[in-house]
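# Coordinates in review
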Amino acid sequence: MTTKTLAKGDAVKVIYDVLADIAPEVDASEIDMSVDLTEQLDLDSMDYLHWLVGINAATGIEIPDRDASHFMTIDGAAKYLSDASAKG
Amino acid sequence: MIDFTLPSLGADMDEAMLVGWLVSPGDEVSRGDIIAEVETDKGVMEVECWDEGIIDELLVEPSATRLAVGTPLARIRPMSEAPAVEREPDHEPVAVGVAAPPPPHVTRTVSPPVRHLAHQLGVDVDSVAPTGPEGTVTRDDVRRAAGRRRVSPRARRLAMDMGIDLSVVSPTGPEGMVVVADLGDVEPEAAVPTVATEPAADDPAIAMRRAIARSMARSNREIPQYSLVTQIDMKRALDWLNDANAERPVTARLLPAAVFAKATALALREVSELNGHYVDDRFEQSDDIHLGMAISLRTGGLVAPAIRNADALTLDELMAALDDLVRRARSWKLRTSEMASATATLTNLGDRGVGTAFPIVIPPQVAIVGLGRVMDRPVAIDGMLAVRPTVDATLTADHRVSDGHRGGLFLSALEQRLQEPEKL
C-alpha cells in the first residue's frame, strides 16, 4: 500500500533507479520513454520481471499480471504508477 | 587429513586463480559451505567445500597464479580425527604447530605494528584467528581477515589486472565493500605486484569468449551430433500460466521459462540416455537431473549453471531457483558446483525473436534442448485451420549415446508434459 501520491516525475525516477540495477550498462539519457523497453534495452523475461518486482518493492504498488501491458514503455509505467498511487 | 582441492569448474575450464579465502585455519566447515572464491575465464565463482571438519592449513595464498583443477588448496581435519593433544592426554603436550586450530577464547598476542595494521585495514583484531606461535596474530592473519571484506566483482578484476593487493585498499562502498573508485587511492608503494606465471589477466570479455570457444570447438570436434525439431502447441500451458499468474502478486509470478525447465527435466527422466556425461569413451548416465540453464550476460557472453535436481522441484521452487541463478550469474556469484554439475542443458532463446534454435551440445554433456520464441502460427486442428501459440523445440544430442528415434521420444515426452501444465 502506498501512503502518498506519486508524481509522474517521481515515478519516472523510481523506474530508472530500478532499471539501473538490472541493466547497469545502459545510459539512461539514451532511453526513449515511448518505445518498447524490452526491445530497446534487450531485456529478457527475467530482467523484465525483476524490473516489475523492483518497482513493486520501491513503491508498494501491486502490478497485477493483467496490467503488465502498461509497463511496455517508461511513459506507460510512469502513468500507471502515478494513477495507481492517486487511487490509494 | 583431507586435501581440499580445486574442484572442476565446468566445460573446458581447467584453471583458476585463487581470489580469496572465506575461512581461516581453525574454522569449522560443513558440506556446502562456501570457503573460497576463484576467478575463472567465466568470472569469479564461489567454491564450496564438500567435506566436514576443521580447516587445518591453507596451502595456497590468493594470487594471480593460475592453478590447475585438482590442485590441493587446503587441508581439512575431519571431525572424527581429534586433535593430537586430546588423543594422547598422558603425554607431555606435543608441539601442535601451526596446523592445530587455535583453542577458543585464546589469549591473543598482538604486537603494536600488527594492531596498527589491523586498525588501518578496519579489522577487529580480537576477531582474527591467530596462526603465529602461542596465539600470536601475524600481519598475514590480519591481511587475510581484511581480505574477507566484500569486494565488487569489477574492483576485484581490476585489482588483479593492476596487481593491487586488496588487503591494503580502504573500502568506501556500501557495507565496507571495496569498489573500483577505491583502487585509485592506493599509493604505488602500497600496491604489491602479484607474481603472475602467465601474462596479466585478459579483458574478462575476451577470456569468456575464449572459454566458450574452447568448449564449443571441442563439441564440434568430438561429438557427432544430430538435431531434431518439433513444433509444440503452447495454448494449454500459456492459458494455465495466465490463470495461475492472475492470482499471484508480482513477487510470486511464474515465467514460461520455469514451465519449460520443469517439462524438460521430467522428459529427461523418461529418456535417460540424454542425461549424463560422456567421459573416457563411455557414457555415464546420471540418476540425478541437474538442468543447465543457458544464461546470457548483459555485457556479452554466456554461462550455463545448473539447477540441481530440477525434476524434483515444484514450479515455484524452480522459479525461485532460476531467479536466484540469473541474479547470481549476472553479479558473478555462481558456485563451482553449479558450473560443473549440469547433466543436460536448456537454452531458451525465445525471449528475443528467434524462431528456432539449433544449439550444440556442451561437453561432457550429451544433449541440449533449445527453445525458440512462442509465437502465433497457423496450425491444422481437426481438419480446420487455427491460429495457436506454438514453440519450436529442438533437441541436439550425441550420436555416440543416442539416436534420432530416442531423441524423438524425448521431444514427444516434452510435448506431452507441456499439454498437462497442471501436473508440472
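Residues numbered from 1 in each chain as written. Chains lettered and ligands numbered in written order. Predicted model: local features only at pLDDT ≥ 70, side-chain atom pairs only at ≥ 80, totals over all residues. Heavy atoms only, no water.

### Considerations on the packing of aromatic side chains
Our working rule: Only the six-membered ring of Trp is used, alongside the rings of Phe and Tyr, when aromatic pairs are assigned; centres must lie within 6.5 Å, and planes under 30 degrees apart are stacked while those over 60 apart are edge-to-face, with the rest tilted. Helix and strand definitions here come from DSSP, where helices need a minimum of 4 consecutive H or I residues and strands a minimum of 2 consecutive E residues; each element is numbered from the N-terminal end. Here the term buried applies to any residue with accessible area under 20% of the maximum for its type, exposed to any over 50%, and partly exposed to those in between, with areas from a 1.4 Å probe on protein chains only. Any Lys NZ or Arg CZ found within 6 Å of a ring centre and within 35 degrees of that ring's normal is scored as a charge over the ring.
Summed over all chains, the structure comprises three aromatic pairs over all chains. For the ring pair A:Trp51 and A:Phe71, a centre distance of 6.1 Å and an interplane angle of 75 degrees mean the geometry is edge-to-face. With A:Trp51 in helix H3 (residues 45-59) and A:Phe71 in the loop between H3 and helix H4 (74-87), this residue pair connects regions lying 20 residues apart in the sequence. Judged by its relative accessible area of 0%, A:Trp51 is buried. Summarising the aromatic geometry, the rings of A:Phe71 and A:Tyr80 are spaced 5.1 Å apart at their centres and angled 65 degrees between planes, so their arrangement reads as edge-to-face. Looking at A:Phe71, the relative accessible area reads 0%, which means it is buried. Through a chain of ring-to-ring contacts, the aromatic side chains of A:Tyr48, A:Trp51, A:Phe71 and A:Tyr80 assemble into a single cluster. Sitting over the face of the ring of B:Tyr278, B:Arg400 holds its NZ or CZ atom 3.7 Å from the ring centroid.

### Focus on the interface of chain B and chain A
Frequently, the measure chosen for interface size is the accessible area that the parts lose on association. Applied cut-off: We call two residues in contact whenever any of their non-hydrogen atoms come within 4.5 Å of each other. When two parts are put together, the accessible area they lose, computed with a 1.4 Å probe and summed over both, is reported as buried area. Whenever Lys or Arg places a side-chain nitrogen within 4 Å of a carboxyl oxygen from Asp or Glu, that contact is recorded as a salt bridge.
Between chain B and chain A, the residue contacts involve 16 residues of the former and 22 residues of the latter. When chain B packs against chain A, the two sides together hide about 1,800 Å² of surface, and 52% of this comes from carbon and sulfur. Among the residues of chain B in contact with chain A, B:Val250, B:Arg298 and B:Arg352 are the three that bury the most area, contributing 40% of the side total. Where chain B meets chain A, there are four salt bridges. Across the pair B:Arg253 and A:Asp65 runs a salt bridge whose closest N-O atoms are separated by 3.9 Å.

### Some points on H4(A)
All names here are of chain A. For the record, the criterion: Here the expected length of a helix is defined as 1.5 Å per residue gap, with one fewer gap than residues.
Taking 1.5 Å per residue as the helical rise, H4 with its 14 residues ought to reach 20 Å, and the 20 Å between its terminal C-alpha atoms agrees with that figure. Inspection of H4 places Ile 74, Ala 77, Ala 78, Tyr 80, Leu 81, Ser 82 and Ser 85 among the buried residues, and these make up the whole buried set. Looking at the buried positions of H4, the neighbouring elements they touch are helix H1 (8-22), helix H2 (37-41) and H3.

### Notes on the pattern of salt bridges
Under the criterion given, the structure shown has 27 salt bridges over all chains. Among the ionic pairs, A:Asp44 bridges to B:Arg330, the shortest N-O distance being 3.0 Å. Of this pair, A:Asp44 sits in the loop between H2 and H3 while B:Arg330 sits in helix H9 (residues 315-330), each in a different chain. We classify A:Asp44 as buried; its relative accessible area is 18%. Judged by its relative accessible area of 22%, B:Arg330 falls in the partly exposed class. Residues B:Asp316 and B:Arg248 are paired through a salt bridge, measuring 2.8 Å at the closest nitrogen-oxygen approach. Linking B:Asp316 in helix H9 with B:Arg248 in the loop between helix H7 (235-246) and helix H8 (256-270), this pair joins segments that are 68 residues apart in sequence. By relative accessible area, B:Asp316 is classed as partly exposed at 40%.

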